[in-house]
Amino acid sequence: MTEKQLFEILKQKESTTLEYKSRIDSSYKIARTLAAFANTSGGQLIVGVNDDKSIKGCSEIEEMTKIIHAANELVIPPIDIIYSSVKVEGKHNVLIINIKEAENKPYETLDEQQNRSVYVRANDETTPVTKEMSQVMIKAEKDIDKQMLEQPNVKYLITYLKKNTKITAKEYAKLVNISAYRATKLLEALTYASILLMLSRQKPTQFVLRKW
């Protein structure tokens, strides 16, 4: 990657497929991010850049040691990464780590107590999901039902989530004037169709766009 290509990336905000880090604080934490990208839509991790997207630079050896440890030892099964290093203004190293969307999901991560969890990307956040959602991810993704996407309530929902990022069944029911039961069933159907992610560790359960 060239310096010019890096600055093109920096024009983008953090998202489902992009995250900036000034440095890697913990191999355990970054393992969650790597696995979350693989479990969702793939993505890029940029290291050596502050949250305001100013260039800080980093030690390539120090940061990649943590990332490789995370990818090989803390993600189950081990995850493949592709990385490159860009020298900005001749003095600041910035790392670009690319993670592909996994074919066989989910990837799990280990914490300091050796407990396993599954993480996904929900907008610009890395967030855990329940075993129920994990089982959905294991199944082969279904073809998106085009008729379902043409329903006015669904089209309105997608437009809403692009702007507001998250919604509960109660909020959706009120938004489109349907019963809470019907709203819940529709949100669950969209989850099983791989259009939404269900964050049921949140109370109440929240739904976000998986990818678009």
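Asks: Now, about the overall build of the chain: what can you tell me, with residues and values included?
Replies: Counting its secondary structure elements, the chain contains 8 helices and 10 strands. For 212 residues, the compact-globule estimate of 2.2 N^0.38 gives 17 Å, and the chain sits close to it at 18 Å. Expressed as lengths along the three principal axes of its C-alpha atoms, the size of the chain is roughly 60 × 35 × 30 Å. Each of the 212 residues in the chain was classed as buried or not, and the buried ones make up 48%.

Asks: Please set out the sheet that holds strand β5 (residues 92–99) residue by residue, giving values where relevant.
Replies: Spatial ordering of the open sheet is given by β1-β2-β5-β4, a layout of 4 strands whose pairing is mixed. The open sheet has two edge strands with one neighbour each: β1 (18–21) and β4 (82–88). Taken pair by pair, the neighbouring strands of this sheet meet at an average axis angle of 20°, ignoring direction. Here β4 runs beside β5; their pairing, made up of 7 bridges, is antiparallel.

Asks: Hey, could you go over the environment of K155 for me, with residue numbers and the actual values?
Replies: Tracing the chain through its elements places K155 in helix α6 (residues 152–164). With relative accessibility at 42%, the residue K155 sits in the partly exposed group. In this view, K155 contacts L149 and E150; residues no more than four positions away in its chain are not counted.

Asks: If you had to explain the side chain of K66 to someone new, which residues and values would you point to?
Replies: By secondary structure assignment, the location of K66 is in helix α3 (residues 60–74). Discounting residues that sit within four places of it in the chain, K66 has contacts with R23, I24, S27 and I30.

Asks: Lay out the sheet that holds strand β7 (residues 116–122) in plain terms, naming residues and giving numbers.
Replies: Adjacent strands of a sheet form backbone hydrogen bonds with each other and so pair up, either parallel or antiparallel. The strand order across the open sheet built from 4 strands is β3-β6-β7-β8, with neighbouring strands paired in antiparallel fashion. Two strands bound the open sheet, and with one partner strand each, they are β3 (75–76) and β8 (125–129). Pairing geometry for strand β6 (residues 108–110) and β7, over 3 bridges, is antiparallel. In the sheet register, E108 faces β7, and the bridge partner there is V118.

Asks: Please set out the pattern of salt bridges residue by residue, giving values where relevant.
Replies: Considering all chains together, one arrives at 9 salt bridges under this definition. Residues D25 and R23 are paired through a salt bridge, measuring 3.0 Å at the closest nitrogen-oxygen approach. A salt bridge links E62 to K66, with the nearest nitrogen and oxygen atoms 3.9 Å apart. One end of the pair, E62, and the other, K66, are both in helix α3, 4 residues apart, so they sit about a helical turn from each other. We classify K66 as buried; its relative accessible area is 18%.

Rules used in this analysis
- Residues numbered from 1 in each chain as written.
- Predicted model: local features only at pLDDT ≥ 70, side-chain atom pairs only at ≥ 80, totals over all residues.
- Heavy atoms only, no water.
- Helix = DSSP H or I, 4+ residues; strand = E, 2+ residues; numbered from the N terminus.
- Rg over C-alpha atoms; globule rule 2.2 N^0.38 Å.
- Buried < 20%, exposed > 50% of the residue type's maximum accessible area, 1.4 Å probe, protein only.
- Pairing = 2+ DSSP bridges.
- Axes fitted to C-alpha atoms, helices over the stretch in contact; angles between N-to-C directions.
- Contact = heavy atoms within 4.5 Å.
- Salt bridge = Lys/Arg side-chain N within 4 Å of Asp/Glu carboxyl O.

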